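# Observations on the three-dimensional arrangement
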Amino acid sequence: MCPGASEASTSFVEGVFLPDLGLGTGIAIWGFRACASGHSQCPPVSKGFDRVFGDRGPEALADVLQLARIFGFEGRRTISIALPGCGRMTADELSMAAMLAAAQQGADDERDNHATWLLGQRPRDHVCDVVERIAETFGEYDLAMAKPDVTITCNRTLDDGHMTALFALEGGRA
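Below, the structure is looked at part by part. Predicted model, so just to flag it, every value in this text is computed and none were measured.

Rules and cut-offs
Residues numbered from 1 in each chain as written. Predicted model: local features only at pLDDT ≥ 70, side-chain atom pairs only at ≥ 80, totals over all residues. Heavy atoms only, no water. Helix = DSSP H or I, 4+ residues; strand = E, 2+ residues; numbered from the N terminus. Polar contact = N/O pair within 3.5 Å; in protein donor to acceptor, adjacent residues only side chain to side chain. Expected span 1.5 Å × (residues − 1). Contact = heavy atoms within 4.5 Å. Disulfide = S-S within 2.5 Å. Phe/Tyr/Trp six-rings, centres within 6.5 Å; stacked < 30°, edge-to-face > 60°. Buried < 20%, exposed > 50% of the residue type's maximum accessible area, 1.4 Å probe, protein only.

## Topic: the side chain of Asp92
Following the sequence through the fold, Asp92 ends up in helix H4 (residues 91-104). Among the polar contacts listed, one links the side chain of Asp92 to the side chain of Arg77, at a separation of 3.0 Å.

## With respect to helix H1 (residues 22-36)
Taking 1.5 Å per residue as the helical rise, H1 with its 15 residues ought to reach 21 Å, and the 21 Å between its terminal C-alpha atoms agrees with that figure. Check the buried side of H1 and you find it contacts helix H2 (43-53), helix H3 (57-74), strand E2 (88-90), H4 and helix H6 (125-140). Just past H1, the residue Gly38 takes up positive phi, approximately 85 degrees.

## What to know about the state of the cysteines
Within the structure shown, the criterion is met by 0 disulfides. Left without a disulfide partner, Cys35 is nearest to the cysteine sulfur of Cys42, which lies 9.9 Å away.

## Some thoughts on the packing of aromatic side chains
A complete count under the given rule lists 5 aromatic pairs for this structure. Geometrically, the ring pair formed by Phe53 and Tyr141 is edge-to-face, given 5.2 Å between the ring centres and 85 degrees between the ring planes. Of this pair, Phe53 sits in helix H2 while Tyr141 sits in the loop between H6 and strand E3 (150-154); the two residues are 88 residues apart in sequence, bridging distant segments of the chain. What makes Phe53 buried here is its relative accessible area of 1%. The partly exposed category is assigned to Tyr141, whose relative accessible area is 31%. What links up through ring pairs into an aromatic cluster is the set Trp30, Phe49, Phe53, Phe138 and Tyr141.

This is the structure we're talking about:
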């Protein structure tokens, strides 16, 4: 079990570990966890982003922080995350990784489906803009986002903007 986490508060996906998804995904999820838990200004986090992104470290970390804030303030559901140093992953973190990988691969529908799942509502344009910036920045530094084996399917919305259905289908090992 990860430090500070209890099985009751965090539901981990069996057999899936953050290091298995590669450096790009690892840095993105680690940064998101740190930002979402209020540790974006901790020296190991800012120095880690500086080491990876050089002069663009603060910009890359600011985009991850903005994404965490969007999910925290605009989301209609609570996202389950592990602590920054944990090697295990939650289903929501797998969806986050898949969303970023889809953005890097130009798969807009898939990116939007994962964002919809994570937010509990269709993402507005500014959400997709932040996701795209993160994906592009990581891509510029040859940090490919590994796409875990997880699928989200969202049915079309009704005329009033409400979703008709939202399904989360989880695959095997990432």
